[in-house]
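So the chains spell out like this:
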Amino acid sequence: MTWSEMQPVLEQATIDTLYMVLWSTVVTVAGGLPLGVLLVLTDKGGLLQNAVVNKVVGVIVNIGRSLPFIILLIALIPFTTWLVGTFIGPSAMIVPLSIGAIPFFARLVETAIREVDQGLVEAVQAMGGGIPTIIWKVLLPQALPSIVSGATTTVIALIGYSAMAGAVGAGGLGAEAITNGYMRFDNQFMIATVIVLVVIVTVVQLIGDLTVRLLARRGRTAS
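These lines cover the structure that appears in this document, whether it is placed above or below. (Residues numbered from 1 in each chain as written. Predicted model: local features only at pLDDT ≥ 70, side-chain atom pairs only at ≥ 80, totals over all residues. Heavy atoms only, no water.)

In this section: the overall build of the protein chain. What the protein chain contains, in helices and strands, is nine helices and zero strands. Reading the protein chain from its N end, one meets helices and strands in the order α-α-α-α-α-α-α-α-α. A principal-axis box enclosing the C-alpha atoms of the protein chain has dimensions of 70 × 40 × 25 Å. In the protein chain, which comprises 223 residues, the share counted as buried stands at 39%. Within the protein chain, contacts between residues separated by at least 24 positions form 71% of all contacts whose residues are at least 6 apart in sequence. Carbon and sulfur atoms make up 68% of the accessible area of the protein chain, which totals about 12100 Å². A gap of 12 Å separates the mean positions of the 11 positive and 11 negative side-chain charges of the protein chain. (Helix = DSSP H or I, 4+ residues; strand = E, 2+ residues; numbered from the N terminus. Buried < 20%, exposed > 50% of the residue type's maximum accessible area, 1.4 Å probe, protein only. Contact = heavy atoms within 4.5 Å. Areas by Shrake-Rupley, 256 points an atom, 1.4 Å probe, with all protein chains shown as cover. Lys, Arg positive; Asp, Glu negative; His and termini not counted. Charge placed at Lys NZ, Arg CZ, Asp CG, Glu CD.)

Attention now goes to the nonpolar core. The biggest cluster of nonpolar side chains holds 21 residues, and the ones touching the most others in it are Leu10, Met93, Leu97, Ile159, Ala165 and Leu173. Elements with a contribution of two residues or more to this core: helix H1 (3–41), helix H3 (69–75), helix H5 (90–114), helix H7 (131–165) and helix H9 (187–222). For Ala165, the residues in contact, after removing those within four places along its chain, are Phe69, Leu73, Met93 and Ala170. (Core = buried A, V, L, I, M, F, W, Y, C linked by side-chain atoms within 4.5 Å.)

Turning our eyes to something else, we now look at helix H6 (residues 118–126). The backbone nitrogen of Gly119 lies 2.9 Å from a side-chain oxygen of the residue at the head of H6, namely Asp117. In the segment just after H6, Gly128 is the residue with positive phi, at about 90°. (Polar contact = N/O pair within 3.5 Å; in protein donor to acceptor, adjacent residues only side chain to side chain.)

A full pass over the atoms with the stated rule returns three salt bridges. For Glu110, the salt bridge goes to Arg107, with nearest N and O atoms at 2.6 Å. One end of the pair, Glu110, and the other, Arg107, are both in helix H5, three residues apart, so they sit about a helical turn from each other. With respect to class, Glu110 is no different from Arg107; both count as buried. (Salt bridge = Lys/Arg side-chain N within 4 Å of Asp/Glu carboxyl O.)

With that settled, the discussion passes to the layout of surface pockets. In this model, the largest pocket occupies a volume close to 250 Å³. What lines the largest pocket is a set of 15 residues, among which Val40, Gly45, Gly46, Leu47 and Gln118 lie closest to the centre. The element that contributes the greatest number of residues to the lining of the largest pocket is H6, accounting for four residues. When the residues that make up the lining of the largest pocket are grouped by side-chain class, the tally is seven nonpolar, four polar and four charged. (1 Å grid on protein atoms, 1.4 Å probe; cavity = no way out; pocket = protein on both sides within 12 Å on 5 of 7 lines; lining within 4 Å. Points joined across faces, edges and corners; volume = space filled by probe spheres on them. Nonpolar A, V, L, I, M, F, W, Y, C, P; charged D, E, K, R; others polar.)

What the rule picks out here adds up to two aromatic pairs. Their ring planes at 5° and their centres at 4.6 Å tell us that Phe69 and Tyr161 sit as a pair that is stacked. You can see Phe69 sitting in helix H3 and its partner Tyr161 sitting in helix H7, a full 92 residues away along the chain. For Phe69, a relative accessible area of 6% gives the class buried. Classification of Tyr161 as partly exposed rests on a relative accessible area of 22%. (Phe/Tyr/Trp six-rings, centres within 6.5 Å; stacked < 30°, edge-to-face > 60°.)

Let us look at a nonpolar patch on the surface. Residues Tyr19, Leu22, Trp23, Val26 and Val27 make up a contiguous nonpolar surface patch of roughly 450 Å² in combined accessible area. Its place among the elements puts Tyr19 in helix H1. A relative accessible area of 34% places Tyr19 in the partly exposed class. (Patch = residues over 30% accessible without salt bridge, like charges linked within 9 Å, V, L, I, M, F, W, Y side chains within 5 Å.)

Take the packing of helix H2 (residues 51–66) against H5 next. In the contact formed by H2 and H5, the axes pass within 8 Å of each other and the chain directions differ by 120°. The pairing of H2 with H5 is recorded here as oblique in orientation. In the crossing of H2 with H5, the sense of the turn from one axis to the other is left-handed. Of the residues in H5, those in contact with Gly58, Val61, Asn62, Gly64 and Arg65 of H2 are Pro103, Phe104 and Arg107. (Axes fitted to C-alpha atoms, helices over the stretch in contact; angles between N-to-C directions. Parallel < 35°, antiparallel > 145°, perpendicular 65-115°, else oblique. Left-handed = near helix turned anticlockwise from the far one by under 90°.)

Moving on, we get to the environment of Val40. The topology assignment puts Val40 in helix H1. Considered as a pair, Val40 and Arg107 are 67 residues apart in the sequence and their alpha carbons are 9.9 Å apart. Ignoring anything within four residues of it in the chain, the contact list for Val40 reads Gly46, Glu110, Ile113 and Arg114.

Here's what the structure looks like:
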């Protein structure tokens, strides 16, 4: 395949991959952030200590993290088909990508929040601050750099998941690498696909690192 033939295919595949990763990230953050906060709040000594809730949420998160993505992807085909109307294509893949990444991100959020100085929490409590105030004014702002770092790691994992999903009709760079690269023994196309994926991951990592540094600097200035 010549470059003039590869270019439009790679462009569309890149757009499909970014589309899957973008919307999967939105859903993952929306689902994983509250789960991570809940794991901390309901833990022993937490503001909403509840052993039953903590255990149930913890088990669900651990099960989600323990399943290999390709198995989860296949197992969710009936649910994805029911929800979206099909199990192939970029839009359909947002479902398993999100479900696979939410437990992963939730644990990263949990770890980030546990690093927050408990003295700040106690100070807000002493001033009469309630749980919503503690969450929105102390826990999340203080943990934000670590949460963003975790989100960056999650986005990169989602890029890898999306490439893997190409094996079952997801579209995107993974599907094209298999169809036009591997199956047609086109090493040039395969190398081009790998380069595009490396560039995307590198850009995501650079943006994430820059954001973390800016947030950390702003936090030191504010303190």
